[in-house]
Number of protein chains: 2
Amino acid sequence: NKLLMYHDAWSGWLCVLLVGLSAGVIAAVIDIGTNWISHLKHGICLNAFWLNREQCCWASRQLQYDNVNSEECPEWFTWPQVFGTYKKGAGEFLLSYIMYIFWSTIFATFAVLLVKVFAPYACGSGIPEIKTILGGFIIRGYLGKWTLLIKSIGMMCATSAGLILGKEGPFVHIACCCGNIFSYLFPKYGRNEAKKREILSAAAAAGVSVAFGAPIGGVLFSLEEVSYYFPYKTLWRSFFCAMVGALVVRSINPYGNGHDIQFSIDYSVPWASFELLPFILLGILGGLWGAFFIKTNIWWCRFRKNSRLGQYTIFEVVCLALITAIIIYPNPYTRMSMSELIKRLVSQCRVEDMIDLCDYPNAQFYNGKSKGSIGLAGPGVHHAIWKLFFALIVQVVLVTFTIGVKVPSGLIIPSMSIGAITGRIIGIITEQLAIQNPTFILFRHDCSKEENCVTPALYAIVGACAFLGGVSKMTVSLVVIMFELTGGLNYIVPLMAAAMTAKWIGDGFVRGGIYDAHIELNGYPFLDNKEEFNFTTIAADVMRPRPEQSSSLAYLTQNGMTFLEVENLLKETTHTLYPVVVTREQPYLVGQIQRRDLQIALKSQKMQRFRLSQSLIQFTSSSETTINSDYEVDNQNEQRLTTNPEVIRIGNLLDQAPIIVTDQTPMETVVDLFRKLGLRQAFVTRNGRLRGIITKKDILRHVQQLTSSNTETTYYDN
Amino acid sequence: NKLLMYHDAWSGWLCVLLVGLSAGVIAAVIDIGTNWISHLKHGICLNAFWLNREQCCWASRQLQYDNVNSEECPEWFTWPQVFGTYKKGAGEFLLSYIMYIFWSTIFATFAVLLVKVFAPYACGSGIPEIKTILGGFIIRGYLGKWTLLIKSIGMMCATSAGLILGKEGPFVHIACCCGNIFSYLFPKYGRNEAKKREILSAAAAAGVSVAFGAPIGGVLFSLEEVSYYFPYKTLWRSFFCAMVGALVVRSINPYGNGHDIQFSIDYSVPWASFELLPFILLGILGGLWGAFFIKTNIWWCRFRKNSRLGQYTIFEVVCLALITAIIIYPNPYTRMSMSELIKRLVSQCRVEDMIDLCDYPNAQFYNGKSKGSIGLAGPGVHHAIWKLFFALIVQVVLVTFTIGVKVPSGLIIPSMSIGAITGRIIGIITEQLAIQNPTFILFRHDCSKEENCVTPALYAIVGACAFLGGVSKMTVSLVVIMFELTGGLNYIVPLMAAAMTAKWIGDGFVRGGIYDAHIELNGYPFLDNKEEFNFTTIAADVMRPRPEQSSSLAYLTQNGMTFLEVENLLKETTHTLYPVVVTREQPYLVGQIQRRDLQIALKSQKMQRFRLSQSLIQFTSSSETTINSDYEVDNQNEQRLTTNPEVIRIGNLLDQAPIIVTDQTPMETVVDLFRKLGLRQAFVTRNGRLRGIITKKDILRHVQQLTSSNTETTYYDN
């Protein structure tokens, strides 16, 4: 017995271990693959085509850096060089440009074809669907092995195609696929949907963990954003799962930098109090961006769904890839991948940095390494700001049309990228203001002519946090992810101020994040457990049948229905569940029976006997009758029927533990009950008499009605 | 309306802001006070008595360090010096010893008198009680301002007295007192116990945050350990509250080191894979220690409760302080405060360290600062190990008797201290083994004769984590607290391995942590929401009255009871709640009524009318009767009664939304319902008829019966 218990406990740990391992391996493979495919757009390592540019230039002695710090070496052949054009110039540029567009379109086409042909569920980020699944809804095949495979490959291609989308969100979906697949190895989890959801919660944590190297952030993400019900056990297992995933990625080391921390930062100047002002400004911008993005993206997705565009999904993706490639190639800041761009933006300028973003002619080098006191910006910085500004516009426009197309696509990295650009621009502006007006009241305390007090790179991180916060409406998990991502334990306060402002501003325009918006767009039956139910309605207002309607509730009686009556009821109605009451005159609720069970029972009876139609169906077992006879008043009736040979007893199919609420119960309590117990329906009684039924859909409809009517009152009546 | 909503939302934020601020200020004051009082045991700053030793020696030019790195300077007078004895020797030692014992006893007596006279609730750590309060139980005055004041002062004295207890656990209680006090400023929270608990959850997070400078760990601690119900909103507010608290402590800077990180670490050598073995060994020891401590401490507390010792609480504390002072003074590692000891143990040996623990004669200095390759230990290390070993024994014995006496006492720091000592000893042993056998299969990969691979200080941290984990059974929050406490983002895996092993080993002996054990010891009505209910009983097995008993359920009928009958029922029974059914013959549940409401109603009727005893009491309002007449069959009866002038209508007091479960409902579902909705009772019906009631206490009794019978089966029958 104890051994079995231990095995039971261990199977859960073993399962999350496997999930963590596989999620880590898959994430590392995808990272490596994406890197290689991305570089293929620019050129090829002719000696060893399976190497990407960095690996190709690894051993080279003639390593150079171009104007955005990308490596160049003779072993790496750009496409013009492959075709024999070595001279820099318009022709070479045009050839590169064309090859870039060509490969981008090829990759995007490949991605959309894979998704379209093999696994339609592989598109999007998958987080709205996983939220819905963890909320108790079952989407068959959504977490299957085909989805896993196609999503992994499709993601590499889609990201490499240069489309404005990220691969971090889909990692959550991929990890959950692993969770689902491995849970079938353990019957305890594979056969029980509620138990499986515990594994999926842990898998979601591992997904974020492998994407960002942020195990604690992953657990909090799972807790805050995706999981519906997060028991204590799950917390610890999720942490273990996330940790294993992060360790695997770290030991495979796909980025080749040996760091667990993706955007590692180490600034020479601490942040000053006055900087909270620009940080809050970034938060406001992030909130506005979030509201704008959610509204336009949902509008475009709805347009796509309802118009004829929805039929040309492949064409849409190919066009989008073509347009994206044409637009983004000329600007070096959009040409590089978004993760590289973010990395560049969150890095402080160092001595060896020759890029235009770090063109500070009068810079004095603090501790011989980083530019601690940088002074006035040179012309390079001005150019860089313009380039970044155009990159910002391009990304803002393109991401709105990209999220929602039929390729695997996350929006975490695009949001962060847009935020980082905005942040860096505002950072540089603040920096220059502080240098030019060191005696201004705000700057006087912390800044001086000699020493700089503003690190524009920090603004990029805060901006990334604010813009992601505005879109996703994440809070604690966002701050923890950002701090694990950057390793900046000292920058929690700026991150928090930005995330908080972004959420508050965003909530003023749109309630809920992009994932909730997509859940609503797709009409998934998801009962949000974050928003409080603040209305004063009672169960009688929501239950069906409505008192004002004439239709009556479909129910069975305990003893008095004939085979024919039951069969007709099943034909006339399509409910999945029927209540069973004592008699028609005394509709006291006895229990509930599944439609499926009832159908099977009727069918098996049909095969065994003839002339069934007048047989009585009785929902009691004979043993029960004797036990309860001294309690039940109605039992005389029952006793009479028991002697009738034409009685079919299917009491064993009756579930005698239905969830009951009285009709006067406040809907607040009912909603709470549905959320916390994960119910699908509850019966409404009054003085023990069955009065109606409330299903999850009834509640969703009710909440929607109340919310919309409430909004209308606020906006139009006042 | 919208403005009101915003005000509503803001009041919560404002409240947690105030809680965070006040908790931070109080924590800083306590830290400063404790430091000063502690140093008073050794001596005094004669020029400025309000300065502690470090502050006194701040500006001194003749700063020296004694053998455990404590500062000495001419401005600071030890007690022998105050009395004119400047010569080092036996006399001077004896005088110091006596003064130490004297002050220790004074401080302890002061602490216990304060608690005894002014605020009996201020004793202990308070965490078990706060868990119970957050679980829905109300202890009046437990979070009052007197408790806050006395606990703060008492804690300074008790810690300074040298008793083996910590002040970190009580910070949670203190922060919760702040939460309770400030919540009365906001009617929304002060008047609603459920809402107040949200503030208390946030306050608990702030408590841990100010104690360890660990805001994220504090939130997770609140989530994992103390909070019963942790909605989404609370998460974000708790984080804010914890952050504010940590910032306040940081800006007041009570330790004078300018760090947010209390036990800041920066080791020169990363951890090697083979070290997981000693880490797991530490986890096993931690688990064993946890089980040992919980069993002996509970045994002693029970003994104290049941024997005559319980009446001599002041005497007990004074004796304990006397014995503690006598034992701990001679050993320099116990003489220093436990936080100092931990800090010493988790620090890597540096060049300037002259203490015996760092006596490595052949040490070569890595990067000119820390001893990266230390070589064989000198005699000082051997001495230090013996001293540490005796310190370990002393602390283990004393802490068992100390936790539970009538002074404010936490056990986080003592557990960490014991763990750190064990860890450091095992670390030094491993280090020396690795140096002497560099070719041994375990060490071959990572170590060599020239370079050392083991950092004993890391073992101290891992040990602290393991031993605290064994006692408290915390998991994720423990790891996060340890990592925030030390800033060691790279040491999550060792910490996790140790915490996990400790929990698993500990759970094999004792289920639940020390806080749960104290809840059980004190008999608080706390329904644990962490353990799964795995039994197959149904509601009918638990409800009262038991079918086998002849006693019947006390209930009221909707229309048919006279004033006298109701009054008698109230006299005969003491329930706080009565069910109301339709009639005696048809006991269909209509609703429930509070005893208090019923009493008030009867009293007010008594004052208004005469000759009441035969008046009928009716639990319907007249408006309801007309609405429902077409639905109810029993209403003819009711209509008749309505015409009777002797009818007292108190239908408005009837709560028509009782929680109902059927008697066949599995107890698993019932327990779930109680936990998640925070219920105190539910009615049990069968076919709508009231059959019994289940209260929280019934469930607690049932769970206890099942668990104990189950354990017996396992231990004695197999």
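The structure we're discussing is the one just above.
Everything quoted here is computed from the prediction, not taken from an experiment.

Rules used in this analysis
Residues numbered from 1 in each chain as written. Chains lettered and ligands numbered in written order. Predicted model: local features only at pLDDT ≥ 70, side-chain atom pairs only at ≥ 80, totals over all residues. Heavy atoms only, no water. Helix = DSSP H or I, 4+ residues; strand = E, 2+ residues; numbered from the N terminus. Buried < 20%, exposed > 50% of the residue type's maximum accessible area, 1.4 Å probe, protein only. Areas by Shrake-Rupley, 256 points an atom, 1.4 Å probe, with all protein chains shown as cover. Least-squares fit on C-alpha atoms with pLDDT ≥ 70 in both. Contact = heavy atoms within 4.5 Å. Salt bridge = Lys/Arg side-chain N within 4 Å of Asp/Glu carboxyl O. Buried area = accessible area lost by both parts, 1.4 Å probe. Polar contact = N/O pair within 3.5 Å; in protein donor to acceptor, adjacent residues only side chain to side chain. Nonpolar A, V, L, I, M, F, W, Y, C, P; charged D, E, K, R; others polar. Expected span 1.5 Å × (residues − 1). Pairing = 2+ DSSP bridges. Axes fitted to C-alpha atoms, helices over the stretch in contact; angles between N-to-C directions.

A. View of the overall build of chain A. Secondary structure assignment for chain A yields 29 helices and 15 strands. When burial is assessed residue by residue, chain A has 61% of its 718 residues classed as buried. Accessible area of chain A: about 30,100 Å², with a carbon and sulfur share of 60%.

B. Just the relation of the copies chain B and chain A, in detail. Least-squares fitting of chain B to chain A yields an RMSD of 0.1 Å, with the transformation described by 0.1 Å of translation along the axis and a rotation of 180°. Seen this way, the second copy is the image of the first under a two-fold rotation axis. Closest to the rotation axis within chain B is the C-alpha of Gly 688 of chain B, separated from it by 2.0 Å. The overlap is high: 100% of the interface residues of chain B also sit at the interface in chain A, so the same surface is used on both sides.

C. Looking closely at the pattern of salt bridges. Taken as a whole and assessed by the stated rule, the structure comprises 28 salt bridges over all chains. Linking Lys 195 of chain B and Glu 198 of chain B is a salt bridge whose minimum nitrogen-to-oxygen distance equals 4.0 Å. Of the two residues, Lys 195 of chain B and Glu 198 of chain B both sit in helix H9 (residues 193-212), three residues apart, roughly one turn of that helix. The pair Lys 195 of chain B / Glu 198 of chain B is uniform in exposure class, with both members buried. Of the charged contacts in the structure, one is a salt bridge between Lys 473 of chain B and Asp 507 of chain B, with a shortest N-O distance of 3.2 Å. One end of the pair, Lys 473 of chain B, is in the loop between helix H18 (456-472) and helix H19 (476-486); the other, Asp 507 of chain B, is in helix H20 (residues 492-509), with 34 residues separating them in the sequence. Classification of Asp 507 of chain B as partly exposed rests on a relative accessible area of 23%. Here the salt bridges do not stand alone but share partners, grouping Asp 31, Lys 167 and Glu 168 of chain A into one network.

D. Expanded view of the interface of chain B and chain A. Between chain B and chain A, the contact holds 70 residues from the first and 70 residues from the second. Of all residues in chain B, the largest losses of buried area upon contact with chain A belong to Tyr 232, Trp 236 and Asn 687 of chain B, amounting jointly to 12% of the total for that side. The tally of links between chain B and chain A comes to zero salt bridges. The tally of links from chain B across to chain A stands at three residue pairs in polar contact (both at pLDDT 80 or more). A per-element tally of the side of chain B that touches chain A places helix H11 (residues 232-252) of chain B first, with eight residues. Residues belonging to the side of chain B that touches chain A are distributed by class as follows: 39 nonpolar, 14 polar and 17 charged.

E. View of the environment of Ile 519 of chain B. All names here are of chain B. Structurally, the position occupied by Ile 519 is in helix H21 (residues 514-522). By relative accessible area, which is 5% here, Ile 519 ends up buried. Taking the C-alpha atoms as reference, Ile 519 lies 7.6 Å from Thr 132; in sequence the two are 387 residues apart. Excluding residues within four positions of it along the chain, Ile 519 makes contact with Pro 128, Lys 131, Thr 132, Tyr 524 and Phe 526.

F. Representation of helix H10 (residues 215-226) of chain B. All names here are of chain B. With 12 residues, H10 extends 15 Å between its outermost C-alpha atoms, agreeing within 8% with the 16 Å of an ideal straight helix rising 1.5 Å per residue. In terms of burial, H10 is a largely internal element, 12 of the 12 residues being buried. All buried positions along H10 are accounted for by Pro 215, Ile 216, Gly 217, Gly 218, Val 219, Leu 220, Phe 221, Ser 222, Leu 223, Glu 224, Glu 225 and Val 226.

G. Summary view of the sheet that holds strand E9 (residues 577-581) of chain A. Residue and element names in this part refer to chain A. Pairing in this open sheet of three strands is mixed, and the strands run E7-E9-E10 from one edge to the other. The open sheet terminates on both sides in strands that have one partner only, identified here as strand E7 (556-557) and strand E10 (589-594). Note that E7 and E9 share two bridges and pair parallel. Counted as the bridge partner of Thr 557 is Val 581 from E9. Seen against the sheet, helix H25 (residues 595-608) touches E7, E9 and E10 and runs at an angle of roughly 75° to E10.

H. Structural view of the sheet that holds strand E9 (residues 577-581) of chain B. All names here are of chain B. Strand order in the open sheet formed by three strands is E7-E9-E10, and the pairing between neighbours is mixed. Whereas interior strands pair on both sides, the edge strands pair on one side only; in this sheet they are strand E7 (556-557) and strand E10 (589-594). Strand direction decides the pairing type here: E9 and E10, joined by five bridges, are antiparallel. What sits directly across from Pro 579, in E10, is Gln 592. Along the sheet face, helix H24 (residues 595-608) touches E7, E9 and E10 and points at about 75° away from the line of E10.

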